[in-house]
Amino acid sequence: MQMDAGERLYKFLVVDDELIIRDALTNHIPWEDLGFTFCGACADGNAALDKIEQEAPDVVMTDICMPFLDGIALTELITERYPMTKVILLTGYDDFEYAQAAVKLKVYDFLLKPITPRELRKVLLSVKEKLDEEYKSRKDIESLKTQLNESLPILRERILNMLLTGTQRKEELGNRLTYLGLSFPLNGFFYLVMAIAIDSRAEDEEYELNLLAAKNGVEKILSSEFKSISFQDGGDRLIVLAWHERQDMIFRDSLLEAEEINRKLPAYLTASVTLGIGEPVPDVSLIPRSYSDAMKALSFGTIQGGGRIVTYRELIGKTNDARKVPLNWGKLIANALRSSSRDEVFSHIDNLIASYREGYFSVEEYHVSLQMTLAAILQAVEDFDIPQHDIIPAGTDPFSEVRSKTSLEEVREWFISICGRIMDSLKTRQEDFSKAKIREAKAYIETQFSDPSLSLQTVCKELSISTSYFSLIFKKYLKKTFVEYLTETRVEKAKEFLRNTNMKTYDIARSIGYRDAHYFSLIFRKATGEPPTAYRTKSRDESA
């Protein structure tokens, strides 16, 4: 058998008092082809022990009957001192006692002399296969241990997060905490959770660097006397889990540490931080309650603009005592949208944000208010018959999106953006409608200018719009009043008649909508600077 390149070679030692056997095994066995390196041949057990100490062979093949230290005694010592070494016993006697001893000592194989090359080859291949299996098993275990060591930080954070969620029994937690080298008491203390959020939430490299810097910074800032452990929860928030024998002291100490973190941590980052502090709890099983309190306080602090410390007890006191945020802002904003008053819409949004900032309320009330405000705005969009995808990108849930905003400024910008798009859509629609009505009016005047009864009222009746709205858009787009435009049209038609026909002035007047020829002459003179007859004479002289 030719050994593959890179295959592991195992050390093989022969122990036999017969020189001829030692020489034969030394010189006539293709050891490397069979997966071994021959590391020596010893004449007795004592010499073999010295060689084993030096070479640490993987396999020892020893004769049983030898002087000084026989094969059985040598095997006992090898089994005791080198349990991983495989022993093959070699004897010239088919003795049941030897076979019993071999079984008791758990030798790998028991061979009778004389052994043939075929038998030896079979045994060597067998023992190599066994050694390969054990080597692979050891490497697999080493690899698993390496992976475990590399994963320890993740495993520690996972078990600590179980404290926050209460998903593991106290007894199981204790065993796993000990195994992971975490010193955390499960009995005899009060516990308190502090949650820390980076106010910038951009999911980019800068945010990841800030998160890492925050973790390191918190560990450096926390006092060594403050009994706590810090880690990251599933929402990229930093958690400080503290414990103390006294309930009043744990809250006081935690607040002092929070003030130090709020003051010093921004120096490690490119953003400010917000801290929420939960209430102390008397048992490790209640830590999820303190965590929930801390998260509510943190959410409130983030809504208020970040860069502050909020305690749950302060939040509860303010929520119970103070006025609630009014829930009619959506109606006010929707009404302003209907009146197309951009300034009024933005003013209501600013007032909405101010009421959140100045009032005290629970996070649930805050989100309900936002949802109701958004619902009123979207109802206005439907009333305007504007396709919602023109305002909200297709596939986007606006209610989830507004709920995801983490600060009042983000909420303000989002509402302003939404309402701005609504007003832009209304403005475009109104402009399209107005321009269409102007085109219709011009076309109607072009066909009806000869009617003496043509007036602003008759045009508006034909177009089905109010005179005030028509006058407004007419002046806006044509830069002149309806009367000015009608007069200009009639004068231009009169010029055509004067240049191209021999019609009398009074006939031309009736043809363009004037019953009184004298009045027509006054209008024409005012528009052109000369009477109709003079205009006719001049235009014909110029064309002659």
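Residues numbered from 1 in each chain as written. Predicted model: local features only at pLDDT ≥ 70, side-chain atom pairs only at ≥ 80, totals over all residues. Heavy atoms only, no water.

S.K.: Could you clarify how one ought to interpret the side chain of Glu257 in this entry?
M.R.: Position of Glu257 among the secondary structure elements: in helix 8 (residues 247-264). Within the buried set, Glu257 has no salt-bridge partner at all; the shortest N-O distance to an opposite charge, 8.2 Å, is to Lys264. Those residues within four positions of Glu257 in sequence are excluded, and the remaining contacts are Met194, Ile221, Leu222, Ser223 and Phe226. (Helix = DSSP H or I, 4+ residues; strand = E, 2+ residues; numbered from the N terminus. Buried < 20%, exposed > 50% of the residue type's maximum accessible area, 1.4 Å probe, protein only. Lys, Arg positive; Asp, Glu negative; His and termini not counted. Salt bridge = Lys/Arg side-chain N within 4 Å of Asp/Glu carboxyl O. Contact = heavy atoms within 4.5 Å.)

S.K.: What's the story with the sheet that holds strand 5 (residues 109-112) in this structure? I'm lost.
M.R.: Backbone-to-backbone hydrogen bonds join strands into a sheet, with any given pair of strands oriented parallel or antiparallel. Read from one edge to the other, the open sheet built from five strands follows the order 2-1-3-4-5, with strand pairing classed as parallel. Lying at the two open borders of the sheet, with one neighbouring strand each, are strand 2 (36-42) and strand 5. Across the sheet, the mean angle from the axis of one strand to that of its neighbour is 20 degrees, orientation sign disregarded. Here strand 1 (residues 10-15) pairs with strand 2 via six bridges, running parallel. Its bridge partner being in strand 2, Phe12 is matched across the sheet by Phe38. (Pairing = 2+ DSSP bridges. Axes fitted to C-alpha atoms, helices over the stretch in contact; angles between N-to-C directions.)

S.K.: Before we go on, may I ask you to explain the sheet that holds strand 8 (residues 238-244) in this structure?
M.R.: If you trace the five strands from one edge of the open sheet to the other, you get 7-8-6-9-10, paired in mixed fashion. A strand with exactly one partner marks an edge of an open sheet, and here the two such strands are strand 7 (228-232) and strand 10 (309-311). Recorded for the sheet is a direction-independent mean angle of 20 degrees between the axes of neighbouring strands. When strand 6 (residues 190-198) meets strand 9 (residues 273-277), the two strands line up antiparallel, connected through five bridges. Across the sheet, residue Ala195 finds its bridge partner in strand 9, namely Gly276. Here helix 9 (residues 287-303) sits on the sheet in contact with strand 6, strand 8, strand 9 and strand 10, set at roughly 30 degrees to strand 6.

S.K.: Help me understand the pattern of salt bridges, please; the structure alone is not making it clear to me.
M.R.: Side chains that carry opposite charge are capable of pairing whenever their charged atoms lie near each other. Enumeration over the complete set of coordinates arrives at 23 salt bridges. Here Arg412 ties to Glu413 by a salt bridge, and the two come within 2.8 Å at their closest N and O atoms. For Lys495, the salt bridge goes to Glu492, with nearest N and O atoms at 3.3 Å. With Lys495 and Glu492 both in helix 19 (residues 482-500) and three residues apart, this pair spans about one turn of that helix. Among the residues examined, Lys495 registers a relative accessible area of 18% and is labelled buried. The network of salt bridges with common partners includes Asp16, Glu18, Asp63 and Lys113.

S.K.: Got a minute to help me understand the nonpolar core in this structure?
M.R.: General note: in soluble globular proteins, nonpolar side chains tend to be found buried as a group. Residues Leu337, Val345, Ile377, Phe415, Cys419 and Ile422 are the most contacted members of the largest nonpolar core, which totals 33 residues. Among the elements of the structure, helix 11 (329-338), helix 12 (342-358), helix 13 (363-383) and helix 16 (408-448) are those that each provide at least two residues to this core. Residue contributions to this core peak at 10 residues, all from helix 16. Setting aside anything within four residues of it in sequence, one finds Leu337 in contact with Val345, Ile377, Phe384, Cys419, Ile422, Met423 and Leu426. (Core = buried A, V, L, I, M, F, W, Y, C linked by side-chain atoms within 4.5 Å.)

S.K.: Can you walk me through the pairing of strand 7 in this structure?
M.R.: A regular strand carries its side chains on alternate faces of the sheet. Note that strand 7 and strand 8 share five bridges and pair antiparallel. Opposite Ile229, over in strand 8, you have Leu241 as the bridge partner. Linking two consecutive strands that pair antiparallel, namely strand 7 and strand 8, is a turn of five residues; a positive phi of about 60 degrees is found at Asp236 within it.

S.K.: Just checking my understanding: could you explain the confidence of the model for the chain for this structure?
M.R.: The predicted model of the chain has a mean per-residue pLDDT of 84, with 91% of residues at 70 or higher. Least confident of the elements in the chain is helix 10 (residues 312-321), whose mean pLDDT is 64; most confident is strand 1, at 94. Note on residues 319-325: pLDDT is under 50 here. Beyond four places in sequence and across chains, it has 14 contacts. (pLDDT = per-residue confidence, 0-100.)

S.K.: I tried to follow the packing of aromatic side chains on my own but got confused; where do I start?
M.R.: Between two aromatic rings, the relevant description is the distance of the centres plus the angle of the planes. By the definition in use, this model includes 16 aromatic pairs. Note on Trp31 and Phe38: the rings are 5.1 Å apart at their centroids and 25 degrees apart in plane angle, and the pair reads as stacked. Aromatic side chains Phe474 and Phe482 sit 6.2 Å apart centroid to centroid with 70 degrees between the ring planes, which places their arrangement in the edge-to-face category. Judged by relative accessible area, which is 1%, Phe474 ranks as buried. Assessed through its relative accessible area of 8%, Phe482 is described here as buried. One Lys or Arg, Arg313, reaches over the ring of Phe251 and ends 3.6 Å from the middle of that ring. Of note, Arg490 hangs over the ring of Tyr514, and the distance from its end group to the ring centre comes to 5.2 Å. (Phe/Tyr/Trp six-rings, centres within 6.5 Å; stacked < 30°, edge-to-face > 60°. Lys NZ or Arg CZ within 6 Å of the ring centre and 35° of its normal.)

S.K.: Help me out: how do you make sense of the environment of Pro57 in this one?
M.R.: With respect to the secondary-structure elements, Pro57 resides in the loop between helix 2 (45-55) and strand 3 (59-63). Counting along the chain gives 44 residues from Pro57 to Leu13, while the straight-line C-alpha distance between them is 6.3 Å.

S.K.: Explain unusual backbone geometry here, please?
M.R.: It is generally the case that most residues other than glycine have a negative phi and that most peptide bonds are trans. Here the amide bond leading from Lys113 into Pro114 is cis, since omega sits at -10 degrees, within 30 degrees of zero. Its place among the elements puts Pro114 in the loop between strand 5 and helix 5 (117-165). With a phi close to 60 degrees, Ser464 is a non-glycine residue in the positive phi region. Mapped onto the fold, Ser464 is located in the loop between helix 17 (456-463) and helix 18 (467-478).

S.K.: Before we go on, may I ask you to explain the packing of helix 16 against helix 18 in this structure?
M.R.: Where helix 16 contacts helix 18, the two axes come as close as 10 Å, and the packing angle between them is 90 degrees. Considered as vectors, helix 16 and helix 18 are oriented roughly perpendicular to each other. The residues of helix 18 that touch helix 16, namely those facing Gln430, Glu431, Phe433, Ser434, Lys435, Lys437, Ile438, Ala441 and Lys442, are Tyr469, Phe470, Ile473, Phe474, Tyr477 and Leu478. (Parallel < 35°, antiparallel > 145°, perpendicular 65-115°, else oblique.)

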